[in-house]
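Chain by chain, the residues:
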Amino acid sequence: MSDRAVLHVKGRVLVGPDDVRDELWVVDGRISYDRPAGARDVRTVEGWVLPGLVDAHCHVGLDAHGPVEPETAEKQALTDRDAGALLLRDAGSPSDTRWIDDRDDLPKIIRAGRHIARTRRYIRNYAWEIEPDDLVAYVAQEARRGDGWVKLVGDWIDRDLGDLSACWPREAVEAAIAEAHRLGARVTAHCFAEDSLRDLVEAGIDCIEHATGLTEDTIPLFAERGVAIVPTLVNIATFPQLAAGGESRFPRWSDHMRRLHERRYDTVRAAYDAGIPVFVGTDAGGSLPHGLVGAEVAELVTAGIPPIEALSATTWGARAWLGRPGLDEGAPADLVVYDSDPRADVRVLAAPRRVVVNGTPVS
């Protein structure tokens, strides 16, 4: 028996949507459903328990202007942690955040390397900005640097056109996605508009971020291919403000952004109804603050996704999709405790009673 203190978590432990237990134990930072023999120094936590929440689209080490100092990245990670987000898929960052992996008190991160964008077709200081002939090489580079994901910028404003348009020719993304898959990485892409989606999905992409451009023509294709979406509705809420700021220079783009915003809930609900996997992501770290995971779950419910499915999109289902354990026997004890049943009202996610990382209560 280890000398490390034992944590006894009891109440309602939501191991899965249909698997609710009365208690679990944490020994040496890992979960057990058997009471440890000879436990002496036992600390008890009570409440409604979920696996650590997943933010499947955020950016640690990035702000509105580009990479940030480690001190700022640490504050970002701590903010996510205190909100209960203990597994982050970092969907593109120019900063090296590998040092976070050595910290037992910070969330676990699955990195997608640095964004890969077309030259002068993305936010300054964020991405590798390249031309199509170099796409395969840069995808291979980021596949090796990341944790099983690569992030493309699939569309962005074309200043000559005055509107959103696809960034890559079909043959370029086909070759790049094939190379990522050969190297064991999945590929996701930032996409606001409609016209890049079919090429990306038919080229074999694994996920689309934002996906505001989904239509009745492309939704069945996504469902057939099993391509996931991460809607980032808390970010899409900023579209009217962005549109107002660009109205004078790019009126066509501004009108397009407003239309995408107006139909955002219908788009997400139609995707869910068609069987497209939907996961929670906030897009924190660019212009948005960290710690918004609970707000994004609430947005999915507002869009019409049933509360239990919205919860799964940040807990059981999201962890399975990312290949990480939940409240499994022997898994790292990353869990969040609430005062009331989150299945009854997902707004409880905004106020965790206790956050436990690697078996240690941290907030």
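So, a few notes on the structure that sits alongside this text. (Residues numbered from 1 in each chain as written. Predicted model: local features only at pLDDT ≥ 70, side-chain atom pairs only at ≥ 80, totals over all residues. Heavy atoms only, no water.)

Notes on the pairing of strand S16 (residues 207-210)
Where strand S15 (residues 186-191) and S16 come together, four bridges link them in parallel fashion. In the strand pairing of S16, Cys 191 is matched with His 210. Note: S16 against strand S17 (residues 228-230), three bridges, orientation parallel. Across the sheet, the residue bridging to Cys 207 is Ala 228, located in S17. With respect to chirality, the unit in which S16 leads through helix H5 (residues 219-225) into the neighbouring parallel S17 is right-handed. (Pairing = 2+ DSSP bridges. Helix = DSSP H or I, 4+ residues; strand = E, 2+ residues; numbered from the N terminus. Right-handed = clockwise from strand over helix to strand, strands pointing away.)

What about the layout of surface pockets?
By volume, the largest pocket amounts to about 810 Å³. Around the largest pocket sit 31 residues that line it, and Ile 123, Trp 156, Phe 192, Leu 242 and Trp 253 are the ones nearest its centre. Among the secondary structure elements, those contributing two or more residues to the lining of the largest pocket are strand S13 (155-158), helix H7 (239-246) and helix H8 (251-262). Among the residues forming the lining of the largest pocket, the class breakdown is 15 nonpolar, twelve polar and four charged. Considered as a void within the structure, the second largest pocket measures approximately 250 Å³ in volume. Lining the second largest pocket are 15 residues, and of these Ser 93, Ser 95, Asp 96, Gly 113 and Arg 114 sit closest to its centre. A per-class count over the lining of the second largest pocket returns three nonpolar, five polar and seven charged. (1 Å grid on protein atoms, 1.4 Å probe; cavity = no way out; pocket = protein on both sides within 12 Å on 5 of 7 lines; lining within 4 Å. Points joined across faces, edges and corners; volume = space filled by probe spheres on them. Nonpolar A, V, L, I, M, F, W, Y, C, P; charged D, E, K, R; others polar.)

Some remarks on the environment of Leu 24
For Leu 24, the location among the structural elements is in strand S2 (residues 19-27). Along the primary structure Leu 24 and Gly 359 are separated by 335 residues, whereas in three dimensions their C-alpha atoms are 11 Å apart. Apart from the residues lying within four places of it in its own chain, the contact partners of Leu 24 are Leu 7, His 8, Val 9, Val 13, Ile 31, Ser 32, Tyr 33 and Leu 335. (Contact = heavy atoms within 4.5 Å.)

Thoughts on the side chain of Ser 196
If you trace the backbone, Ser 196 turns up in the loop between S15 and helix H4 (197-202). Setting aside residues up to four positions removed in sequence, Ser 196 forms contacts with Gly 154, Asp 155, Ala 166 and Cys 191.

Let's talk about the sheet that holds strand S8 (residues 85-90)
Strand order in the open sheet formed by three strands is S5-S8-S9, with parallel pairing between adjacent strands. What marks the edges here is a single partner per strand, and that holds for strand S5 (53-58) and strand S9 (108-111). The mean angle between the axes of side-by-side strands here comes to 20°, regardless of whether they run parallel or antiparallel. The pairing of S5 with S8 spans four bridges and is classified as parallel. Bridging across to S8, Asp 55 finds its partner in Leu 88. (Axes fitted to C-alpha atoms, helices over the stretch in contact; angles between N-to-C directions.)

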